[in-house]
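# Residue-level structural notes
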Amino acid sequence: MKKLQAITLFLLVGFLNAQTDQRIYDIIEAVSAERIKNDISTLAGFGTRHTLSDTVSTTRGIGAARRWIKKEFDIISKSCDNCLEVTSQKDLVKSGINQRITKDTWVVNVVAIQRGEKYPNRYIIMSGDIDSRVSDPNDFTSNSPGANDNASGMAGTLEAARVLSNYQFESSIMYLGLSGEEQGLFGGQGFAKQAKEKGWEIIGVFNNDMIGNIKGVDGIISNTDFRIFSEPVPPTETEEERKMRRFYGGEVDGTSRQLARYVHKNVLTYMPEMNPMMIYRLDRFGRGGHHRPFNDLGFAGIRIMEAHENYTQQHQDIRIEDGISYGDVLEHVNFNYAKKLTAVNAINLASLAWSPPAPNEIGIGGIVAPAVTLQWSEVSGAKGYKIYWRETTSPTWDHSRYVGDVTAFTLEGIVIDNYFFGVSAVGENGFESVVVFPNKIIK
Ligand SMILES: [Zn+2]
């Protein structure tokens, strides 16, 4: 008995001090390539999911697709004692608002919320897209399976809900199917606007758009490379904040970038076989995605996607031309890769939903001194705090120090000019918030 107690204590202490948490490995393990395959097949099977397509049919068009997605969330919810609040959100987009909306169209998003126990109004969001398109963006009748773009992201979102609904979290997780992406990011726009109006605290958005292709048009085949796009600073920053950056830094340290670093680090910890590539830009060159409307309103958000795109397999009429098979069909999707990127999302949703909120105010001082002082607002629910720093040219937070349950700390012997600094909050369970860049100067 005594021995058992000692072992239990040892395990408990080990657990509290652990660098990793077994549940995160369990989550990775639980994601199923088979179920993702089934869901992508079902979505591709609706013929077209074009935003302007039929909404009445039960077998073809975007109406049938979104009703099926809602039904799937309902099924998941039933098996977790109604742990998901499944709803939809819609906006009427008027004909002629741009060239891709040729008739008045209801853009309908499907929403499933797994309510957090401690912070029910804090959300971390995973999204995929319901809609698809072919060569002509306004062709809403031709077959448009959109297997990779973006049934893969939608299927990943459903599968993450299946896996994570077996756990309870402190913050809320939202699983989101967005429409109107290909016609002008309308679903994201409407949803982000509603979130802003309702005053939701959104920690971050993981926009998944094309997570299933491993054969690049560049000839590279990789089932481990993937990209995390993040913009440098929020477009909502004030003129004053912009001026401050000239003197105190922060050009590459906006909230979306910190979210990207969080995902990057967590993946290297738990899925070291993967190669996450942080891309220092909002999205691909001149192209868009559904994290942008959230960024536009000041919410942190990133795009998670394959690293090697194949342009003959996206936005294409299905055809064979010069021996090349064009079209976004099921045969081009690698389900095991989609499973891996779904796991990337799931472990980061879980880690953030298990972590305390980040400190919202961080002061920094140390001008002409051989030490740096950081000071932050207290986070209720945090066990302590971690200070991070890195060389100014490094993309990742390479140095850190856990400083315990204090709200100020001085790092002796470190010159403020030569590094960038940040602070995170750490929970009792070991999970950690996103790192926050200083937003105040201590004189
Ligand atoms: Zn697309």
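Residues numbered from 1 in each chain as written. Predicted model: local features only at pLDDT ≥ 70, side-chain atom pairs only at ≥ 80, totals over all residues.

## Some points on the overall build of the protein chain
- Scanning the protein chain from N- to C-terminus turns up 11 helices and 17 strands.
- Overall size of the protein chain, expressed as C-alpha extent along the three principal axes, is 65 × 65 × 45 Å.
- Across the 443 residues in the protein chain, those meeting the buried criterion constitute 47%.
- Put simply, 76% of the contacts in the protein chain that link residues at least 6 apart link residues at least 24 apart. (Helix = DSSP H or I, 4+ residues; strand = E, 2+ residues; numbered from the N terminus. Buried ≥ 20, exposed ≤ 12 C-beta atoms within 10 Å, placed from the backbone. Contact = placed C-beta atoms within 7 Å.)

## Some words on the domain arrangement of the protein chain
- Split into domains, the protein chain comes out as domain 1 (18-354) and domain 2 (362-441).
- Taken over C-alpha atoms, the centre of domain 1 sits 31 Å from the centre of domain 2.
- Facing the 16 residues of domain 1 at the interface are 14 residues of domain 2.
- The element that contributes the greatest number of residues to the side of domain 1 that touches domain 2 is helix 9 (residues 255-270), accounting for six residues.
- Here the side of domain 1 that touches domain 2 is composed, by residue class, of six nonpolar, five polar and five charged. (Domains from an automatic or database assignment. Nonpolar A, V, L, I, M, F, W, Y, C, P; charged D, E, K, R; others polar.)

## Focus on the UniProt feature "domain: Peptidase M28" (unreviewed entry) in the protein chain
- Cross-referencing UniProt, the feature "domain: Peptidase M28" (unreviewed entry) maps to residues 109-304 in the present numbering.
- Secondary structure content for residues 109-304 is 34% helix and 24% strand, and the end C-alpha separation is 20 Å. (UniProt positions renumbered as here; feature names shortened; annotations may be inferred.)

## Structural notes on the sheet that holds strand 8 (residues 301-306)
- Taken together, the eight strands give an open sheet; going across it, the order is 1-2-4-3-5-8-6-7, and neighbouring strands pair in mixed fashion. Looking at which strands have only one partner, the edges of the open sheet turn out to be strand 1 (84-93) and strand 7 (275-279). Here the average twist between neighbouring strands, direction ignored, is 25°.
- Sheet analysis places strand 2 (residues 105-114) next to strand 4 (residues 171-178), joined by five bridges and oriented antiparallel. Paired with Val111 across the strands is Leu176, a residue of strand 4.
- Its contacts with the sheet place helix 4 (residues 62-78) against strand 1, strand 2 and strand 4, and it is angled at close to 160° to strand 1. (Pairing = 2+ DSSP bridges. Axes fitted to C-alpha atoms, helices over the stretch in contact; angles between N-to-C directions.)

## Observations regarding the sheet that holds strand 12 (residues 371-376)
- Ordered by their spatial adjacency, four strands build an open sheet running 15-12-11-17, and the pairing between neighbours is mixed. The sheet terminates laterally at strand 15 (408-412) and strand 17 (440-441), the two strands that pair on one side only.
- With two bridges connecting them, strand 11 (residues 362-365) and strand 17 associate as parallel partners. The residue of strand 17 that forms the bridge with Gly363 is Lys440.

## Focus on the environment of Leu185
- On the secondary structure map, Leu185 appears in the loop between helix 6 (181-184) and helix 7 (186-198).
- Separated by 104 residues in the primary sequence, Leu185 and Gly289 place their C-alpha atoms 6.9 Å from one another.
- Look past the residues within four positions of Leu185 in its chain and what remains in contact with it is Gly288, His290, Arg292 and Pro293.

## Here's the deal with the pairing of strand 13 (residues 382-391)
- Relative to strand 16 (residues 419-427), strand 13 runs antiparallel, the two sharing nine bridges. In the sheet register, Arg390 faces strand 16, and the bridge partner there is Phe420.
- Note: strand 13 against strand 14 (residues 399-404), five bridges, orientation antiparallel. Pairing of Tyr388 across the sheet is with Ser400, part of strand 14.

## A look at the pairing of strand 3 (residues 119-129)
- The pairing of strand 3 with strand 4 spans eight bridges and is parallel. Its bridge partner being in strand 4, Ile125 is matched across the sheet by Met174.
- One crossover worth recording links strand 3 to the parallel strand 4 by way of helix 5 (residues 147-164), and it is right-handed.
- Looking at chain direction, strand 3 and strand 5 (residues 201-208) are connected through six bridges and run parallel. If you follow Tyr123 over to strand 5, its bridge partner there is Ile202. (Right-handed = clockwise from strand over helix to strand, strands pointing away.)

## Here's the deal with unusual backbone geometry
- In this structure, the amide linkage connecting Asp149 to the following residue, Asn150, adopts the cis form with an omega of 5°.
- For Asn150, the position within the fold is in helix 5.
- Its identity as a non-glycine residue notwithstanding, Met210 has a phi of 75°, on the positive side.
- You can see Met210 is positioned in the loop between strand 5 and strand 6 (225-229).
- Since 28 C-beta atoms lie within 10 Å of it, Met210 is described here as buried.

## Here's the deal with helix 3 (residues 33-44)
- End to end, helix 3 covers 16 Å across 12 residues, agreeing with the expected 16 Å (1.5 Å per residue, within 8%).
- Within the span of helix 3, buried status applies to Ile36, Asp39, Ile40, Leu43 and Ala44. For helix 3, the buried positions fall inside an angular range of 130° around the axis, keeping them on one side.
- Against the buried residues of helix 3 lie helix 4, helix 5 and helix 11 (335-354). (Expected span 1.5 Å × (residues − 1). Arc of directions from axis to C-beta.)

## Some points on helix 11
- Its 20 residues place the ends of helix 11 28 Å apart at the C-alpha level, agreeing with the 28 Å of an ideal helix rising 1.5 Å per residue.
- Of all the 20 residues making up helix 11, 19 are buried; the element is thus mostly covered by neighbouring parts of the structure.

## A word on the packing of helix 3 against helix 11
- Interhelical geometry of helix 3 versus helix 11 gives an angle of 105° and a closest axis separation of 8 Å. Considering their axes alone, helix 3 and helix 11 lie roughly perpendicular with respect to each other. The segment helix 3 lies against helix 11, with Ala33, Ile36 and Lys37 engaging Phe335, Asn336, Ala338, Lys339 and Thr342.
- Across the contact of helix 3 with helix 11, the residue classes tally to four nonpolar, two polar and two charged. (Parallel < 35°, antiparallel > 145°, perpendicular 65-115°, else oblique.)

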